[in-house]
Amino acid sequence: MKIKNYLIKQAGLSLMSFAALTQLNAQQTFEAEAFIESAYATVTDAELFSGGKYVTMNAAYGSYVKYIITAEAAGTYDFAIDYATMNGRSMYVKAENYLPVIAVFDTFTGSWDGSEGTGDDGNPLAGIMTLTVPVYLNAGENEVEIGAFDGQDGSFSPNFDKFTVSPSAATTLPTLSPAALSFEAENARIISADINDATCYSGGKGIFNIGASSKIQFENINVAEEGTYNVVAYYTTFSERNFTVKANNYLPVTMACKIGLPYWTCPENEEQENDPTRPTILKKTVQVYFNAGSNTLTFSSFQGNPTPNLDKIEIVKSGLNLPKPGYEIMAAVFDFTDNVANFATDFVEEYATDSANLSRLIDNNEYTTYIKEGVSETKITAKTAYPIILTGYAIAGIFGQPGKLPDDWTLEYSDDGNTWNPVANVGAIDTDAYRSITTGYNLDNLVSAQYFRLTATGNGKVEIGEWQLFGVPYISAEQAFPNDDMTHNVPFDEILSYSMGDPDGFDRGGGWNEVFENVFDKQLNTVYTVVDGKNFYIQFETPDLVTLKSYALTGRFGFAPRSPSKWKIEALSEKTSDWVLLDTRENIKFPADASTLMFNIKEPVESFLYKLTVEDTAGEGTANLVQWQMFKDWYGISPSPNAINNVTCHFPVTVASRKGSIQLYTTSAANLPFTLFDLLGKQIESGVCHPGITEIRVGSGVYIIRVGEAASKIVVK
């Protein structure tokens, strides 16, 4: 059975129809409830609204209402929409086959029922307000459709009272809405998900069991024009679930499917199937940015959680014109190439290049490229600061050439830098030109090494976008983590005198004993577990007044969705006794199973007491943390600000400092990748310079901006 399109034909509207067919040369008012056709629109009695009624619609149901408006002359007309809403909501206005106009209702009324209210500032708010949008009408009769439009705050329309149409002083040129492109989900490239039969789905099939490692890729989506497009997913779910949607290598968007059904896939009985209050399958719309020509669109899990079941998608040019988004950096924010002991000696190239070129290989940004001309193969050796269990690694190809990885490569490990063994490859995932590989090494398959060698090939030139090494420290079975952090002079049997945690953990004193102090024991086989909770905090009191300059968190083997994804680090001020925020992170993904992430603190302070507060996990409702390390020194030497600044290439853009921002101006037709660092070498932001002005919002300070192959310092006041 195809998707049901339940239409409600209205009778007894002769007065409205007569008014609608009069020539529109002055203003004409239409009551919202006086439509000639609708789908899943609800009319509610409300005495404070004009006509004593209002209309509500739900974009998840595809709700709309239609009217016939006759204009004396073709041109732009003002649609003044009366509404009530107490949160952000949106509607579209579509005249004939023109691109819809999006009305965003972000000025709130005093109530939902049309009565006055009071704003947060104490000032009175009207119960019903008016929003005016320009709409192009043809001469003669126009079929005008008004419907709920998916906005950031949800799928519902405001309480829609009436609208008044009058000739506008503005002039707009109409754009014909191109036909929607439709793609069955089961015809996409599917990774780690199932194709199942579903009688109510378009084509009789859909995609099910879309989990943390799943990807649904719609390839070769051809559009004539670059810009913003609506992506409409047809889905079913019994509970609120989300997708992550990504076009090409642009930043992804979240598709929040908050509206559910009383079944997971198809109606389970006749009553559900013939329910006139809702469709059989729901819709959700988000906006993405497509290039002219061929595009790839990827649906995946949001933060590792299960998604709705997917029937099909539709794509059409959007009435919203969003700015071109930045590119998503797939490279992890930290890997063990960042933590070398000495950049000059711990990276060895078979064919030596300058330090700036080498830094592009390990700057955690696949949009910068390491290049070695005139060779068909090169070997690069990295010596990590201490031995690690390599649980994963990554390699990236060339910016602007998605899918192009180095022609061939191998990765090897060594205990001493002389005898080499191949690193295992038990799985790989490609995202554009970035490939992440899992090794399968763990405590049951233990391989620990300090030297890693990458051999890469090319056709007369070797080009690599990024090389990353993921894992956990492993010094010995007795003590996996090095004894170099702020807890080194606190015996573990006295750790409870210096630390506290809330919640306490799981099964204290029992066989599991997964309690908070385990994060200080320098072991990999113990863990702190918060059951059915994503929030916890841990405090550590230092024996002496110290300055925390960097820290590290380590996830657990086999439980990636339980790793922290959002947290903050604070210090108790000795002067004010207030907590001072040192560092905050969100939407962080641990790049591999049981991996360690390290972070420098930009503005450290002296303190006796430090606190880690975790506010969310990567997906699961239970939280795990293996280790929290705190260091008196900043970690790493690369990417080295000095090495980057020594580049003498001609700077390809004009860089200007403004209050609170850096502006990059270029007339080049090419998109140029940029990376912004602070003076500690910490990456602040990265993206692409487009022709014209690209603005980077920053606080005051001294920064290093690298664009393409060149870099420069800049001061922001």
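Going by the structure above, here's the rest.
Residues numbered from 1 in each chain as written. Predicted model: local features only at pLDDT ≥ 70, side-chain atom pairs only at ≥ 80, totals over all residues. Heavy atoms only, no water.

Caption draft 1: Local environment of the pattern of salt bridges. A full pass over the atoms with the stated rule returns 21 salt bridges. For K66, the salt bridge is made with E143, and the minimal N-O distance between the two is 3.5 Å. In this pair, K66 is assigned in strand β6 (residues 64–71) and E143 in strand β13 (residues 140–148), connecting sequence segments 77 residues apart. On the accessibility criterion, K66 (12% relative accessible area) is buried. One salt bridge connects K324 with E226, and the closest N-O pair in it is separated by 3.4 Å. (Salt bridge = Lys/Arg side-chain N within 4 Å of Asp/Glu carboxyl O. Helix = DSSP H or I, 4+ residues; strand = E, 2+ residues; numbered from the N terminus. Buried < 20%, exposed > 50% of the residue type's maximum accessible area, 1.4 Å probe, protein only.)

Caption draft 2: Local environment of the environment of D430. Inspection of the secondary structure assignment puts D430 in strand β31 (residues 427–431). Judged by its relative accessible area of 32%, D430 is partly exposed. Linking D430 and A394, residues 36 residues apart in sequence, is a C-alpha distance of 9.7 Å. The contact partners of D430, leaving out residues within four places of it in the chain, are L405 and R435. (Contact = heavy atoms within 4.5 Å.)

Caption draft 3: Region of the structure containing the sheet that holds strand β21 (residues 241–247). Here 5 strands make up an open sheet; going across it, the order is β16-β19-β24-β21-β22 and the pairing antiparallel. Of all strands in the sheet, those bounded by a partner on one side alone are β16 (189–191) and β22 (253–257). With direction set aside, neighbouring strand axes in the sheet form an average angle of 25°. (Pairing = 2+ DSSP bridges. Axes fitted to C-alpha atoms, helices over the stretch in contact; angles between N-to-C directions.)

Caption draft 4: Summary view of the pairing of strand β20 (residues 227–236). Here β20 lies mainly inside the structure; 10 of its 10 residues are buried. Across 9 bridges, β20 lies against strand β23 (residues 282–290) in antiparallel orientation. Bridging from a neighbouring strand, G227 pairs with F290 of β23.

Caption draft 5: Looking closely at a nonpolar patch on the surface. A grouping of F506, W512 and V531 is seen on the molecular surface, where their side chains present a nonpolar patch of about 320 Å² in accessible area. Here V531 lies in the loop between β39 (528–530) and β40 (536–547). Relative accessible area serves as the criterion here: at 45%, V531 is assigned to the partly exposed category. (Patch = residues over 30% accessible without salt bridge, like charges linked within 9 Å, V, L, I, M, F, W, Y side chains within 5 Å. Areas by Shrake-Rupley, 256 points an atom, 1.4 Å probe, with all protein chains shown as cover.)

Caption draft 6: Seen up close, the side chain of D335. By the element assignment, D335 lies in the loop between β25 (309–317) and α3 (343–346). Only 2.7 Å separates the side chain of D335 from the side chain of T337, close enough to count as a polar contact. A polar contact is formed between the side chain of D335 and the side chain of Q468, at a distance of 3.3 Å. D335 has contacts with N364, W467, Q468, L469 and F470, leaving out every residue within four places of it along the chain. (Polar contact = N/O pair within 3.5 Å; in protein donor to acceptor, adjacent residues only side chain to side chain.)

Caption draft 7: Fine view of the state of the cysteines. Per the stated rule, a full pass over the model turns up 1 disulfide. Residue pairing for C200: its cysteine sulfur links by disulfide to C266, the two sulfurs lying 2.1 Å apart. On the S-S bond that ties C200 to C266, the torsion sits near -85°, and the link is left-handed. Linking C200 in the loop between β17 (194–197) and β18 (205–208) with C266 in the loop between β22 and α2 (270–273), this pair joins segments that are 66 residues apart in sequence. What makes C200 buried here is its relative accessible area of 2%. Owing to a relative accessible area of 14%, C266 belongs among the buried residues under this scheme. Here C257 is not cross-linked by a disulfide; its sulfur's nearest cysteine counterpart is in C200, at 15 Å. (Disulfide = S-S within 2.5 Å.)

Caption draft 8: Here's a closer look at the packing of aromatic side chains. The tally for this structure, following the rule as stated, stands at 28 aromatic pairs. Between Y327 and Y367, the ring centres sit 5.6 Å apart and the planes meet at 45°, which makes this aromatic pair tilted. On the criterion of sequence distance, the pair formed by Y327 in the loop between β25 and α3 and Y367 in the loop between α4 (355–359) and β27 (370–373) is long-range, its members being 40 residues apart. For Y327, a relative accessible area of 10% puts it in the buried group. Judged by its relative accessible area of 6%, Y367 is buried. Look at F520 and F540: their rings are 5.4 Å apart centre to centre, the planes differ by 40°, and that puts the pair in the tilted class. Of this pair, F520 sits in the loop between β38 (514–515) and β39 while F540 sits in strand β40, placing them 20 residues apart in sequence. Each member of the pair F520 and F540 is classed as buried. Aromatic ring contacts, followed pair by pair, group F30, Y67, F79, F160 and F163 into a single cluster. The aromatic ring of Y234 is capped on one face by K312, whose charged end is 4.8 Å from the ring centroid. (Phe/Tyr/Trp six-rings, centres within 6.5 Å; stacked < 30°, edge-to-face > 60°. Lys NZ or Arg CZ within 6 Å of the ring centre and 35° of its normal.)

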